[in-house]
Amino acid sequence: MSEDRPTVAPEPRRNADGTTSVLTSDAGTVRVACPAWCFVEHGYRVPPAKAEITHRSEPVWALVDTPEQGPTSLVEVSLVQWPYSDRTAVFLGVETDDGFLEVGPTGARRVATALREHADHIDTMADRVEAIRAGEGQ
């Protein structure tokens, strides 16, 4: 790394026109116009490459409060976009055991379908737990 390049990115600067100025490692200062759903401040630990600038919506978690374990989160989803990359489309970001997946509308609907099917399976398993606890099918 060049000694004249900062190792810590400076704070992004808000501009009067509503854009944010972000120092990048490859394109100098870039003025970023955020979509209404973007909630990030565009502060980066080190100056990002221009293509790494990311819009993200606030994450939404599926939450559950069980009598046995209390409240917990199950799955996170958010909107995500890299406006200066070769993938400028908006994606649905889904946090999974395999990492953070970015899917389009078809993939998002398949995730929703899988979650509904899994919910049905959980209901079936809950019925089984009740039966076992009642002494049936041991």
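Here's a quick rundown of the structure. None of these values were measured; they are calculated from a predicted model. The numbers attached to residues start from 1 for each chain and follow its sequence in the written order. Local features in a predicted model are, by the rule used here, given only for residues with pLDDT of at least 70; side-chain atom pairs are given and counted only at 80 or more, and totals for whole chains, interfaces and linings are based on all residues. Remark: hydrogens and water are excluded; side-chain values derive from all non-hydrogen atoms of the structure.

Notes on the packing of aromatic side chains
So, step 1. Pairing of aromatic rings covers Phe, Tyr and Trp, the last counted by its six-membered ring, and requires centre-to-centre distances within 6.5 Å; plane angles under 30 degrees mean stacked, over 60 mean edge-to-face, and any other angle means tilted. Throughout the structure, instances matching the rule amount to one aromatic pair.
So, step 2. Seen from their ring centres, Trp-82 and Phe-91 are 6.4 Å apart, and the 55° between their planes marks the pair as tilted. The exposure classification of Trp-82 matches that of Phe-91, with both residues buried.
So, step 3. Note on geometry: a ring has a charge over it if NZ (lysine) or CZ (arginine) is within 6 Å of the ring centre and within 35 degrees of the ring normal. The ring of Phe-91 is capped by Arg-87, whose NZ or CZ atom sits 4.6 Å from the centre of that ring. Each residue is assigned to one of three classes by its accessible area relative to the maximum for its type, calculated with a 1.4 Å probe on protein chains only: buried under 20%, partly exposed between the two thresholds, exposed over 50%.

Considering the environment of Glu-52
So, step 1. With respect to the helices and strands, Glu-52 occurs in the loop between β3 (29–32) and β4 (55–56).
So, step 2. Along the backbone, Glu-52 and Tyr-84 are 32 residues apart, and their C-alpha atoms lie at a distance of 7.5 Å.
So, step 3. Dropping the residues within four chain positions of it, Glu-52 is found in contact with Tyr-44 and Trp-82. By definition, any uninterrupted DSSP run of H or I lasting at least four residues is a helix, any uninterrupted run of E lasting at least two residues is a strand, and each is numbered from the N terminus. Contacts were defined at the residue level, with two residues in contact if any of their heavy atoms lie within 4.5 Å.

Brief notes about the sheet that holds strand β2 (residues 20–23)
So, step 1. When DSSP locates at least two bridges between a pair of strands, those strands are taken to pair. Pairing is antiparallel across the open sheet formed by three strands, whose spatial order is β1-β2-β3. In this open sheet, the two edge strands, each paired with only one partner strand, are β1 (13–14) and β3.
So, step 2. In the sheet, β2 pairs with β3 via four bridges, with the strands oriented antiparallel. Looking at β3, one finds that Thr-20 is bridged to Val-32.

Focus: the layout of surface pockets
So, step 1. When its volume is computed, the largest pocket comes out at roughly 460 Å³.
So, step 2. Whether a set of points on the 1 Å grid over the protein atoms alone is a cavity depends on a 1.4 Å probe fitting there but being unable to get out, while an open set qualifies as a pocket with protein on both sides within 12 Å along at least five of seven lines; lining residues are those with an atom within 4 Å of a point. Leu-74, Val-75, Leu-115, His-118 and Ile-122 are, among the 15 residues lining the largest pocket, the residues nearest its centre.
So, step 3. Those elements that place two or more of their residues in the lining of the largest pocket are β5 (60–66), β6 (70–81), β7 (91–96) and α1 (105–133).
So, step 4. Looking at which element gives the most residues to the lining of the largest pocket, the answer is α1, with seven residues.
So, step 5. When residue character is reported, Ala, Val, Leu, Ile, Met, Phe, Trp, Tyr, Cys and Pro are called nonpolar, Asp, Glu, Lys and Arg charged, and the others, Gly included, polar. Split by residue class, the lining of the largest pocket holds 11 nonpolar, two polar and two charged. Grid points are joined across faces, edges and corners, and a volume is the space filled by probe spheres set on the points.

Description of the pairing of strand β8 (residues 99–103)
So, step 1. Pairing of β7 with β8 involves five bridges; the strand directions are antiparallel. Considered in β8, the bridge of Val-94 is made with Leu-101.
So, step 2. The hairpin turn running from β7 into β8, its antiparallel successor, is two residues long.

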